[in-house]
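Reading the structure
For reference, the chains in residue letters:
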Amino acid sequence: MCGILGLLLHDPTVNAALEICEGLSLLQHRGQDACGIVTGGPRGRLYQCKANGMVRDVFTHDAIARLIGGMGIGHVRYPTAGSSHHAEAQPFYVNSPYGITFAHNGNLINSVTLLHFMDAVAHRHINTSSDSELLLNIFADNLNNTGKFRINEEDIFVAVGGLMSQARGAYACVAMLAGFGIIAFRDPNGIRPLGVAHRAVEGGAMDWLCASESAVADVAGFVEWEDVRPGEAVILTRSGVSRRQVAPAAAFSPDIFEYVYFARQDSVIDGISVYRSRMAMGNALAREVLRVLTEKQITVDVVIPVPDTSRVAALNLAQALGLPYREGFVKNRYVGRTFIMPEQQMRRKSVRKKLNAMALEFADKNVLIVDDSIVRGTTSREIIQMAKDVGAKKVIMASCAPPIRYPNVYGIDMPSRMELVAHGRTTEQVADAIGADLVIFQTLPDLVASVRQLNPSIEQFECSVFTGEYVTGGVDAQYLDHLESLRSDNMKTKAIAPLPAPTTAAVNGQHAGTEADIGKGSENVAGSTISGGDGGSSTPGPATSDGPVDGVDATIGLHNTWKLS
């Protein structure tokens, strides 16, 4: 899961980087592993800053000041497959054709086939295990096939339509074409969110924004947020906006887990208020809790949410049941979201650093703890133990989501069936596994109804984590085994062997090798060493200016500002 953003200012002399950085900070909940910005400046020059880390740490004042240009795209990343190495930080860039940068949220299910096509037919090298780089090169290859010196909007629409006929899976994408504008598009099922808004400036002109969530537009003063439709492409230029359905819309199936957990509660996605949907989830869960507690003849003294996502639902549940609502857990706001931390051991340790239970709300009470979902069980187990450590008599865990028994293949990190606590277990066995006296799950029909009632035009949602049914098709046991191997914690945290140190000197921050060096081992790109061979690896280092050497056209290439000395 990731957050993406594109910004086009009408005035090209005003730098867009600061607003993009502020927008990414509003999407930080969607990814805390890495972030990046690429801006487009005068004469088509591109400027880049990306690295592992949080938005506040990567984009220093000096780094932002060096991101020149009135348009740009940004990305916050949480790795759902492959490596979390800094080389996979986005946006990605290709110089041919025309200079394209690209950011993506989602996951492809036919990447193996597409990689073969890139190698055997398109003859384009894919340097990372990221689907985003693969999508970028498919788009670039489609544009290259026009054979034109300069392309127009029609060519872009055709290229995106071609990409949608080739790629299967979930993808919401923003791309920037050097000196041209920004392109936004969404897969034919509309699984991952993306929308567009505008802001009036002097003279009746417009600034344009596209982002994963509407909250970004609200904070920045953009209005008339409109979701990108499934299979639609939107082109933003200083001349205006063009939209076209470039692929037949499949069954519109937005991911219901956006409403359960991922999205900010002040966002509106596909016409549905995340806040209102969570209120409805609480009301529906209250009915199920009442049924189960009555059946088990158990009484509850207090309702306590697991901050922050479940607060809205827990409050509505408590009101519906006539029970006291109390904030029994105090949250350390400086610890990230444990669900999207890339390593199981890190998640376990962070739970107790993130939350502290107040004994006065738990001691000698039957406590109903409400959480948005129970995924691996890591967080739930620690939370329940904390409640018991401070004197709770009984701990009942209520989940706003049904049991999660299947992996997500569309860009959410639910890595292995064996790591999902509800996989192969009954509700009673889940309770035993996490140490609860009782676990109560929301039913799937109630969850769907809670969200759908706010936009009845959406006939279905992507619910594969609950049902094992994948809306795109093409997902079988072999594919799931392959995906789980890519997503394993070992893969994400494995040591990467360093390359031999370059023997040539750097000139103006760029590799200054001889002809014999070309294509042989490495070249300095965007401040990091990138392997040029099969099975190669890259070694992190302080990124430097990647400006042109003497005699090279200053209108091309990337200028990286991360830790520029």
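Just so you know, these numbers come straight off a predicted model, no measurement behind them.

Thoughts on unusual backbone geometry
It is generally the case that most residues other than glycine have a negative phi and that most peptide bonds are trans. The linkage connecting Ser96 with the following residue, Pro97, adopts the cis geometry, with an omega of 0°. Between Pro307 and Asp308 the backbone carries a cis peptide bond, its omega angle lying at 5°. Phi is positive for His123, close to 55°, though the residue is something other than glycine. You can see His123 is positioned in the loop between helix H4 (111-122) and helix H5 (131-144).

Some words on the side chain of His29
Along the chain, the position of His29 falls in the loop between helix H1 (17-26) and strand S2 (34-40). In terms of polar contacts, His29 uses its side chain to reach the side chain of Glu213, at 2.8 Å.

What to know about the side chain of Ser130
In this fold, Ser130 is placed in the loop between H4 and H5. Not counting residues up to four positions away in its chain, the partners in contact with Ser130 are Glu88, Gln90 and Phe92.

Considering the pairing of strand S19 (residues 366-371)
With respect to burial, S19 is a largely interior element, six of its six residues being buried. Alternating positions in S19 separate into two faces, Asn366, Leu368 and Val370 on one and Val367, Ile369 and Asp371 on the other, with burial throughout. With four bridges joining them, strand S16 (residues 302-305) and S19 adopt parallel strand pairing. If you follow Ile304 over to S19, its bridge partner there is Ile369.

Notes on the sheet that holds strand S12 (residues 232-237)
The antiparallel open sheet is built from six strands, whose spatial order is S5-S6-S7-S8-S12-S13. What marks the edges here is a single partner per strand, and that holds for strand S5 (92-94) and strand S13 (240-245). Going from strand to strand, the sheet's axes swing by 20° on average, the running direction of each strand aside. Where S5 meets strand S6 (residues 100-108), three bridges bridge the pair, whose relative direction is antiparallel. Within S6, the residue paired with Tyr93 across the bridge is Thr101. Helix-sheet contacts for H5 involve S5, S6, strand S7 (169-177) and strand S8 (181-186), and the interaxial angle to S6 is about 125°.

Topic: the sheet that holds strand S20 (residues 394-399)
Sheets are built from strands that pair by backbone hydrogen bonding, the pairs being arranged parallel or antiparallel. Pairing is parallel in the open sheet, where four strands are placed in the order S16-S19-S20-S21. Where the open sheet ends on each side, the last strands, each with one partner, are S16 and strand S21 (438-441). The sheet shows a mean angle of 25° between the axes of neighbouring strands, taken without regard to direction. When S19 meets S20, the two strands line up parallel, connected through six bridges. Bridge pairing links Leu368 to Ile396 in S20.

What to know about the packing of aromatic side chains
As enumerated under the stated definition, the model contains nine aromatic pairs in all. Seen from their ring centres, Tyr261 and Phe262 are 4.9 Å apart, and the 75° between their planes marks the pair as edge-to-face. For the pair shown, Tyr261 and Phe262 are each scored as buried. Put simply, the rings of Phe102, Phe139, Tyr171 and Phe185 touch in pairs and so form one group of aromatic residues. A cation over a ring is seen here: Lys50 above Phe92, with NZ or CZ 4.9 Å from the ring centre. For Arg150, the ring lying beneath its charged end belongs to Phe149, and the centroid distance is 4.3 Å.

What to know about the packing of H5 against helix H6 (residues 153-166)
The interhelical angle for the contact between H5 and H6, taken along N-to-C directions, is 130°, at an axis separation of 9 Å. Here H5 is positioned oblique relative to H6, judged by the angle of their axes. Considering the relative orientation of H5 and H6, their crossing is right-handed. In this structure, H5 contributes Leu135, Ile138, Phe139, Asn142 and Leu143 to the contact, and H6 contributes Asp155, Ile156, Ala159, Val160, Gly162, Leu163 and Gln166. Partitioned by chemical class, the residues of the contact of H5 with H6 number eight nonpolar, three polar and one charged.

Some points on the pairing of S20
The buried fraction of S20 is high, at five of six residues. What joins S19 to S20 is helix H13 (residues 378-389), and the crossover it makes is right-handed. Two strands pair when backbone bridges link them, and S20 and S21 are joined in this way by four bridges, in the parallel orientation. Bridge pairing in S21 places Ser399 opposite Phe441.

So, the confidence of the model for the protein
For the protein, the mean per-residue pLDDT works out to 85, and 82% of the residues sit at or above 70. For the stretch residues 489-557, pLDDT sits under 50, and the model shows 117 contacts to residues farther than four places along the chain or on other chains.

Side note on the nonpolar core
Counting residues in hydrophobic clusters, the biggest one holds 43 residues, and the most contacted among them are Phe257, Leu368, Val370 and Phe466. Contributions of two or more residues to this core are made by helix H8 (257-262), helix H9 (274-296), helix H10 (311-321), S19, S20, S21, helix H15 (444-452) and helix H16 (464-467). Examining the composition of this core, we find that seven residues originate from one element, H9, more than from any other. Not counting residues within four places of it along the chain, the set of residues in contact with Leu368 comprises Val289, Val300, Val302, Val303, Ile304, Leu317, Ile396 and Ala398. Judged by nonpolar contacts, the second largest core, of 34 residues, contains Met118, Ala122, Leu135 and Met164.

Quick word on the environment of Asp207
Mapped onto the fold, Asp207 is located in strand S10 (residues 206-211). By relative accessible area, which is 6% here, Asp207 ends up buried. Leaving out residues up to four positions away in the same chain, Asp207 has contacts with Leu8, Leu9, His10, Ala197, His198, Arg199, Val201 and Phe222. Among the polar contacts listed, one links the side chain of Asp207 to the backbone nitrogen of His10, at a separation of 2.7 Å.

Parameters at a glance
- Residues numbered from 1 in each chain as written.
- Predicted model: local features only at pLDDT ≥ 70, side-chain atom pairs only at ≥ 80, totals over all residues.
- Heavy atoms only, no water.
- Helix = DSSP H or I, 4+ residues; strand = E, 2+ residues; numbered from the N terminus.
- Polar contact = N/O pair within 3.5 Å; in protein donor to acceptor, adjacent residues only side chain to side chain.
- Contact = heavy atoms within 4.5 Å.
- Buried < 20%, exposed > 50% of the residue type's maximum accessible area, 1.4 Å probe, protein only.
- Pairing = 2+ DSSP bridges.
- Axes fitted to C-alpha atoms, helices over the stretch in contact; angles between N-to-C directions.
- Phe/Tyr/Trp six-rings, centres within 6.5 Å; stacked < 30°, edge-to-face > 60°.
- Lys NZ or Arg CZ within 6 Å of the ring centre and 35° of its normal.
- Parallel < 35°, antiparallel > 145°, perpendicular 65-115°, else oblique.
- Left-handed = near helix turned anticlockwise from the far one by under 90°.
- Nonpolar A, V, L, I, M, F, W, Y, C, P; charged D, E, K, R; others polar.
- Right-handed = clockwise from strand over helix to strand, strands pointing away.
- pLDDT = per-residue confidence, 0-100.
- Core = buried A, V, L, I, M, F, W, Y, C linked by side-chain atoms within 4.5 Å.

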